[in-house]
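Examining the three-dimensional arrangement
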Amino acid sequence: MRLLFLSTPVGPLGSGLGGGVELTLKNLAIALSQQGHAITIVAPQTSVLPGFNLVEVPGNLQITAQSQTHDAAISLPSDAVLGHMWEYARQHQADYDLLVNFAYDWLPFYLTTFFQTPIAHLVSMGSLSEAMDVVTAQVAAHSPQSLGVHSMAQAETFSWAEQAHNVKNGFDLSQYDFCAEPENYLAWVGRIAPEKGLQDAVQAVEKAGVPLKIFGVVQDRDYWKQIQTNYPAAPIEYCGFVETDQLQAQLRRAKGLLMTPHWVEAFGNVAIEALACGVPVVAYARGGPAEIVRHGETGWLVEPDVVPALVNGIRDIEKIDRMACRWQTEAEYSLVAMSDRVEAWFADILAVVDAGE
Ligand code: HBI
């Protein structure tokens, strides 16, 4: 198939501002190219994605959905990059069998019925706003096959969970090397922002007395400063935002990964990146991670928002067989496994279109 990917408008690919969606888009482009599909990617200018046909679009970045209130009005900055991206899609849609939208924004969903070429929407987060709840439900009503999600927990935050295609996610596992003998530190990876719950991880390692390495872009400066002020004695080290290869070089040697989402994490890419290296995951039992981690086999799922529960999980981390973690990723989260799920999803969309329903 000839596919046009439309990236997130919150940041250029490679900046880290797009969070998990950047990795998802890259892995899906690799996975589907390997299956012989032709991929073109539309993204904000200065985006970088070696090896792919990239159309860079000018304009002002969209503000992030999670920084807005639930009842926030639908907004676009002046000269919006999102508008330019979808103008490009409108003009070139006839060259493609399917458009794939990665933006968690109102416009692409609203435009679905205005397009002749079908649009597959890979919804990257759970419900965050009334505006997105309504517009995604409208798409579910007129194009029921076209909504993809990363977990059932994420789908269940919307009214259209039954129509969702759960494609989970997929990774180039050759980029992740198994590590049998870890060092004495835990890892936490993600955008440093309140919904990601770093504060809980810092409290837990202070109680457990285990060093914690923190990786990710500081999205909320005040939140990060507050953590440093409130827990001056915590054994933490901030390692910055590092690219996948550098990240896994350090992640693979960790005793374990802590995942402390305060929101319904749609998936939790970093859980797979850890498991792929044999690193067990201690996670709050909510959202995507709760559908990834096999409790007692590849990690521990603990009571959400309860720091002592995290401490217990940290204490039991050595009970997990690191090889079992790697095996799970090969069985469920390889690029081939992902492309199988996504090809089935796309086929369902085109089947409805072909049937002229
Ligand atoms: N916010 N407005 C908006 N649009 C996005 O595409 C978006 C976002 N916030 C976060 C985000 N995408 C990604 O980091 C997550 O979907 C992973």
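Residues numbered from 1 in each chain as written. Predicted model: local features only at pLDDT ≥ 70, side-chain atom pairs only at ≥ 80, totals over all residues. Heavy atoms only, no water.

1. Describing the state of the cysteines
Counted according to the given criterion, the structure contains 0 disulfides. Free cysteine C179: the closest other cysteine sulfur is in C277, separated by 8.0 Å. (Disulfide = S-S within 2.5 Å.)

2. Quick word on the sheet that holds strand β11 (residues 256-259)
Hydrogen bonds between backbone atoms are what pair the strands of a sheet, whose relative direction is either parallel or antiparallel. With respect to topology, 6 strands assemble into an open sheet ordered β10-β9-β8-β11-β12-β13, the strand pairing being parallel. Looking at the sheet topology across the chains shown, the edges are occupied by β10 (236-238) and β13 (299-302). Between one strand and the next, the sheet's axes are offset by a mean angle of 20°, whatever the strand orientation. Across 4 bridges, the pairing between strand β12 (residues 281-284) and β13 is parallel. Pairing of A283 across the sheet is with L301, part of β13. In the packing of helix α6 (residues 198-208) onto the sheet, the strands contacted are β8 (186-189), β9 (212-215), β10, β11 and β12, and the crossing angle to β9 comes to about 165°. (Pairing = 2+ DSSP bridges. Helix = DSSP H or I, 4+ residues; strand = E, 2+ residues; numbered from the N terminus. Axes fitted to C-alpha atoms, helices over the stretch in contact; angles between N-to-C directions. Contact = heavy atoms within 4.5 Å.)

3. A word on empty space enclosed by the protein
The tally for this structure, following the rule as stated, stands at 1 cavity of 30 Å³ or more. Of the voids in this model, the largest cavity is the one considered here, and its volume is about 230 Å³. What lines the largest cavity is a set of 20 residues, among which Q68, D105, W106, S129 and M132 lie closest to the centre. Secondary-structure elements contributing two or more residues to the lining of the largest cavity are α3 (106-111) and α4 (130-142). Per-class residue counts for the lining of the largest cavity are 13 nonpolar, 6 polar and 1 charged. (1 Å grid on protein atoms, 1.4 Å probe; cavity = no way out; pocket = protein on both sides within 12 Å on 5 of 7 lines; lining within 4 Å. Points joined across faces, edges and corners; volume = space filled by probe spheres on them. Nonpolar A, V, L, I, M, F, W, Y, C, P; charged D, E, K, R; others polar.)

4. Focus: the UniProt feature "domain: Glycosyl transferase family" (unreviewed entry) in the protein
Following the UniProt record, one finds the feature "domain: Glycosyl transferase family" (unreviewed entry) at residues 181-331. Between the end C-alpha atoms of residues 181-331 the distance is 23 Å, and the span holds 40% helix and 15% strand. (UniProt positions renumbered as here; feature names shortened; annotations may be inferred.)

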